[in-house]
Amino acid sequence: MPGDYVVVASGKGLPMLRCELCRESIPMQSNLAIAEELMRISAYLEPQLPTCPSVACPAHGKTEFENGLPTAVRFGSTSAGTPRYRCQACRRTYSFGGKSTTGQDKTHVNRDVFMHLMNSMPIRRIIKVLGISPSLLYQRIDFLHAQCQGFSGERERTLIDRKDLGDRYLTVDRQKLLVNWSSKQDRRNTLLLYLATADLATGYVLAGNLNYDGSLDADDVERDAAKFGDLTLPIAFRRYARVWLPQDYEAALRRRTKAMEVPVSYSMLLDALQASIEVAYAHALAREDIEAGDGPSSGARTPPKGMQLHEGIVMSAHVQLVARLLQRADNIQIFSDQESGIRASIMAAHCARIKKGKAEAYYVSIMKEATVDAKRVAVTAAKRQFKAICTANPELSEGEVQFLMMLNSIQAAREAGVFRDRWAVHPFPDMREPAKKVCWLTDQRAIEEVQKVEVPDDIVRYHLKATLAPVDRYFMQVRRGITLAERGIPSASTDSRLWFGKNAYNPQVLAQLLEVFRTYFNYCEVGEDGSTPAMRLGLAKGPVSPEDIIYWTPKEPVPLRRREPKKEPLAA
């Protein structure tokens, strides 16, 4: 209820909402910014329909009039067979649909460009091998991006109305991607964050979003921001709350440099994984806005083209998008990397489900930096312990032993952070996740139940499933498949600044290739079971060939056709 919250100050220019019931304070977010970002990243789901191309026409951008009639009717075809339509408002005729490659030359290179881009061939090498110009290659990247968005959107929007989704288990994580500096005057890289959600059972990547918008012009936004007085307002109340303005970016960079100097006690170092969890909480608390994400990285700058978006806004819009795609699922379990912004986004997007017990959220923290030998030791020790317990309890099945081991671990969970979140050690590590802890974020048990250490059976089973492996596997494939996403290397001649010759110089190209790769990964990449992620989720009947994506065309709408003119009755 609105009356349960009051606005309080938490520093200069940082208003917060305080709950009058529990006295907890939360940062304020701009609903306008989240709505704008949600509309941007979900635009690909809208069906492509003919609309009048004339900006001056009242029907421009509209498919229906207020009375429900379509704004366009079929009006024959062009000489090439492309359907033509007539606007019912201005009577202008225009073409829509037809072959996806209409107007292109050298269409035979489309498949090669697509496959080379998705299989780790550098941009310059593609140009040389195929004998094409750089401008032609970038035109084809624009084309492939549009095709992949249309192809994926046509299938993914069917998820919204599907009633056979059952229970879905989602994994959420972030990946840092580097964009090289493009000017000798400012040799700082741009560090962007790529947020993705992958389905545990199928491996399907439901959404992948970069905190970058290439359609914005930084100069135009800065002029508008000055006109609206944005720099004098708290971020949550700004017209352009979605983007990083240069002044805010540099100020946040200075604050982050100070915030990273968080002391770590000796006891925290005794357990490497527990130490990383405690440090993550400490860094989150050191932020001015705990839900804003990591913010700028030291030695980084804003993109030379387009604009970088606030990570917290992108996280909120991303989680909202996935929630809407799976709105008819029976139950949703979300396993997330330890990030306060993702936690808040999940609580906001799935609030009603969580209250009804139809959704649960968990942090999953993994020690990924261990050596191969250390991983083998951890996995061997866990297997030995499991085998010993099975031997000591022959009356129990292996599944029952796993359940009891997980239950005991939850009951012995260790508190961490100022929020006193309870972290349980996962007793079954593997080589991908050799040390793993799980935190149940949506625990709604009464205090008495918590004190009695009573844990519902289904929660124990959900803990056993906790993992980030599907989304981490996707990130690994992104690194391997797209040369623009490979890790940079420190250069001795550039004061150890990261630089990599194959990485992107234009963030817009990187953003486009990430969306192309998501489509390729979901529909074309075949797993060991002979199926693609899309086949497992029921969005495809078989592996999709590159040609099916390249030559995809939107389904032709069924608008009103021209009517035969009314005939006057013959005179008697």
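The rules behind these values
Residues numbered from 1 in each chain as written. Predicted model: local features only at pLDDT ≥ 70, side-chain atom pairs only at ≥ 80, totals over all residues. Heavy atoms only, no water. Pairing = 2+ DSSP bridges. Helix = DSSP H or I, 4+ residues; strand = E, 2+ residues; numbered from the N terminus. Axes fitted to C-alpha atoms, helices over the stretch in contact; angles between N-to-C directions. Buried < 20%, exposed > 50% of the residue type's maximum accessible area, 1.4 Å probe, protein only. Salt bridge = Lys/Arg side-chain N within 4 Å of Asp/Glu carboxyl O. Arc of directions from axis to C-beta. Contact = heavy atoms within 4.5 Å. 1 Å grid on protein atoms, 1.4 Å probe; cavity = no way out; pocket = protein on both sides within 12 Å on 5 of 7 lines; lining within 4 Å. Points joined across faces, edges and corners; volume = space filled by probe spheres on them. Nonpolar A, V, L, I, M, F, W, Y, C, P; charged D, E, K, R; others polar.

A. Inspection of the sheet that holds strand β1 (residues 5–9) at higher detail. Reading across from one edge, β1-β2-β3 is the order of the three strands in this open sheet, with antiparallel pairing throughout. The open sheet is flanked by β1 and β3 (25–27), the only strands paired with a single partner. Between one strand axis and the next, the sheet turns through 40° on average, direction left out of account. Note that strand β2 (residues 15–19) and β3 share three bridges and pair antiparallel. By the bridge assignment for β3, R18 is matched with S25.

B. Fine view of the environment of P234. In this fold, P234 is placed in the loop between α5 (218–228) and α6 (246–259). A relative accessible area of 22% means that P234 is categorised as partly exposed. The sequence separation of P234 and P15 amounts to 219 residues, and the corresponding C-alpha distance is 7.4 Å.

C. Summary view of the pattern of salt bridges. By the definition in use, this model includes 23 salt bridges. Note that R155 and E154 form a salt bridge whose closest N and O atoms lie 3.4 Å from each other. Assessed through its relative accessible area of 23%, R155 is described here as partly exposed. Among the residues examined, E154 registers a relative accessible area of 14% and is labelled buried. Here R432 makes a salt bridge to D430, at a shortest N to O gap of 3.7 Å. One salt-bridge network, in which partners are shared between bridges, spans E36, E37, R40, D213, R239 and R242.

D. Examining helix α1 (residues 31–41) more closely. Residues of α1 that are buried: A33, I34, E37, L38 and I41. Viewed end-on, α1 has its buried residues packed into an arc of 130°, placing them on one side of the element. Every exposed residue of α1 that faces more than 90 degrees away from the buried side is listed here: N31 and M39. Where α1 is buried, its residues meet β9 (205–210) and α8 (311–325).

E. View of empty space enclosed by the protein. Under the defined criterion, the tally for this structure stands at three cavities of 30 Å³ or more. Reported here for the second largest cavity is a volume of approximately 70 Å³. Lining of the second largest cavity is provided by L170, V172, T197, H318, V319, V322, I334, I346 and H350. Broken down by secondary-structure element, the contributors of at least two residues to the lining of the second largest cavity are β7 (167–179) and α8. When the residues that make up the lining of the second largest cavity are grouped by side-chain class, the tally is six nonpolar, three polar and no charged.

F. Structural view of the sheet that holds strand β8 (residues 190–199). The mixed open sheet is built from eight strands, whose spatial order is β9-β8-β7-β12-β13-β16-β15-β14. Looking at strand neighbours, the two that pair on one side only are β9 and β14 (414–416), the edges of this open sheet. Taking the axes of each pair of neighbouring strands and ignoring which way they run, one obtains an average angle of 30° across the sheet. Across five bridges, strand β13 (residues 359–366) lies against strand β16 (residues 436–440) in antiparallel orientation. Counted as the bridge partner of Y362 is W440 from β16. Contacts from helix α14 (residues 457–465) reach β7, β12 (331–336), β13 and β16, with the element oriented near 40° to β13. Along the sheet face, helix α16 (residues 507–523) touches β7, β8 and β9 and points at about 175° away from the line of β9.

G. Inspection of the pairing of β2 at higher detail. Alignment of β1 against β2, held across five bridges, turns out to be antiparallel. Within the sheet, the bridge partner assigned to Y5 lies in β2 and is C19. Here β2 folds back onto β3, and the loop between the two strands holds five residues, one of which, R23, carries a positive phi near 70°.

H. Looking closely at the side chain of S345. Mapped onto the fold, S345 is located in helix α9 (residues 340–349). S345 sits in the buried class, given a relative accessible area of 4%. Other than its neighbours up to four places away in sequence, S345 contacts M315, S316 and V319.

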